[in-house]
Amino acid sequence: MIHERFFSVMAFVLGACIGSFLNVCIYRLPLNLSINQPRRSFCPSCKTQIPWHQNLPLVSWLLLRGRCADCGARIAFRYFLVELLTALFFLVIWKTFPWQIAIAYWAFIALVIAATFIDFEHFIIPDEITIGGTIAGLLASLAVPQLMNTDRRLIALIISAASAALGYALLWLVLEAGKLVFGKKRIRLDKPTAFTWTRHGDDADFIVGDEKSLWSDFFAREKDQLLLHCSTVTFVDREFSDVILRFHYNRVQVGEDSFELDQLDVITGIANEIEIPREAMGRGDLKFLACIGAFLGWRAVLFAIFAGSLYGSAVGLVTLILGKRVWSLKLPFGPYLALGAITWMFCGDSVLGWYRSMLIP
Ligand SMILES: [Zn+2]
């Protein structure tokens, strides 16, 4: 069928264009830059505006071989990847679902892709995406009640709102429980171990034994604290023994004294125990799961938590086996929730069927 093929091509092209717009959101939203001012895209390196013929989704990146035509700076592969991913998802969604549902799912997948890439880079999911997405999900359910497996608009809206609330509440519970159990990760070192903290510029190297980490990797939120139990510490001509260093991202407290990290160059000492802040989930994830509920319903909420945790543990396990940076690793939960939601979108029915067949042999 000619026209079917035409629509498929259109879905792919539309997806690539939306992906190009998502790249703008991914770059600008976390920096609080406006997404429509300036209207034209600009090179992140030399700030030159990019003319439309160098801003064609997918094609331009390939033709320019991932470089800015003006200054030759590398344009991250992410730009191409986001456009390609969005295009492919738009195509597959179009092929898989009735057109009304497909259009709603297009909106949803665009939100999910933006959320995922922003979360990976910045460890936040902006409200524009989560709260805006929840509202979009409510409206979509009102317009396409089939999203909530019903044909009555009002019922669909109620289910959608209840699912969003369930998503928020459930993850809030998990988060609070998690704080009790995993709020801090304690690492007791086998033997007293030498450490050094060396500042360079805005960041610092933190070396414990022979494990080296980047300072900024430990701190996701302003309130995060890293505690170092030391038998001895030396910095700015002062020596302390048997103290707990209480690090914030910008300062360190020793007892009553507080020192700006900007003013320090080197801290050395012997540590016995480290407590690192590790809250795998931020508040953004709660709102993100609400958005997933508003678009996909309450079953998707349960499934996304379950599948997301599985994916997260699997990836955590692999990095644990492959990598050395075990305890310094921090993983955002948002992308795993997203992956769980996508799995549900395409395979939810088969999962339900399989589950039923388990219950009723
Ligand atoms: Zn440039």
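Details of the structure are given in the entry above.
Trainee: Describe the side chain of Ser 8, listing the residues and the values that go with them.
Mentor: Here Ser 8 is to be found in helix H1 (residues 2-28). Of the residues examined, Ser 8 reaches a relative accessible area of 9% and is grouped as buried.

Trainee: Tell me about helix H5 (residues 127-143), residues and numbers included.
Mentor: The periodicity of an α-helix, 3.6 residues per turn, causes residues three or four positions apart to be oriented the same way. A rise of 1.5 Å per residue sets the reference length of H5, with its 17 residues, at 24 Å; its end C-alpha atoms lie 23 Å apart and thus fit the reference within 8%. Of the residues making up H5, those classed as buried are Ile 129, Thr 130, Gly 133, Thr 134, Gly 137, Ala 140 and Ser 141.

Trainee: Any details on the packing of aromatic side chains? Residues and values, ideally.
Mentor: Overall, the coordinates contain 19 aromatic pairs when judged by the stated rule. A ring pair is formed by Phe 108 and Phe 295, whose centres lie 5.1 Å apart and whose planes are at 40°; its orientation type is tilted. A residue pair is termed long-range when its members are at least 10 positions apart, and Phe 108 in helix H4 (residues 99-122) and Phe 295 in helix H7 (residues 283-296) qualify at 187 residues. Taken as a pair, Phe 108 and Phe 295 share a single burial class, namely buried.

Trainee: With reference to specific residues and values, describe the coordination of the zinc ion.
Mentor: Summarising the metal site, the zinc ion is bound by the protein donors Cys 43 (SG), Cys 46 (SG), Cys 68 (SG) and Cys 71 (SG), whose distances to it range over 2.3 Å. With 4 donor atoms in place around the zinc ion and angles of 101 to 118° between them, the coordination shape is tetrahedral. Here the donor residues of the zinc ion share one chain and are spaced in sequence as C-x2-C-x21-C-x2-C. Here Cys 68 lies in the loop between helix H2 (59-63) and helix H3 (77-96) and Cys 43 lies in the loop between H1 and H2, a separation of 25 residues in the sequence. Both residues of the pair, Cys 43 and Cys 68, count as buried.

Trainee: If you had to explain the environment of Val 243 to someone new, which residues and values would you point to?
Mentor: Mapping Val 243 onto the fold places it in strand S5 (residues 238-247). Each C-alpha atom of the pair Val 243 and Leu 228 lies 8.3 Å from the other, and the pair is 15 residues apart in sequence.

How each quantity is defined
- Residues numbered from 1 in each chain as written.
- Predicted model: local features only at pLDDT ≥ 70, side-chain atom pairs only at ≥ 80, totals over all residues.
- Heavy atoms only, no water.
- Helix = DSSP H or I, 4+ residues; strand = E, 2+ residues; numbered from the N terminus.
- Buried < 20%, exposed > 50% of the residue type's maximum accessible area, 1.4 Å probe, protein only.
- Expected span 1.5 Å × (residues − 1).
- Phe/Tyr/Trp six-rings, centres within 6.5 Å; stacked < 30°, edge-to-face > 60°.
- Donors = N, O, S within 2.8 Å, 3.2 Å for Na, K, Ca; no water.
- Tetrahedral: all angles 85-135°; square planar, octahedral: opposite > 155°, others 65-115°.

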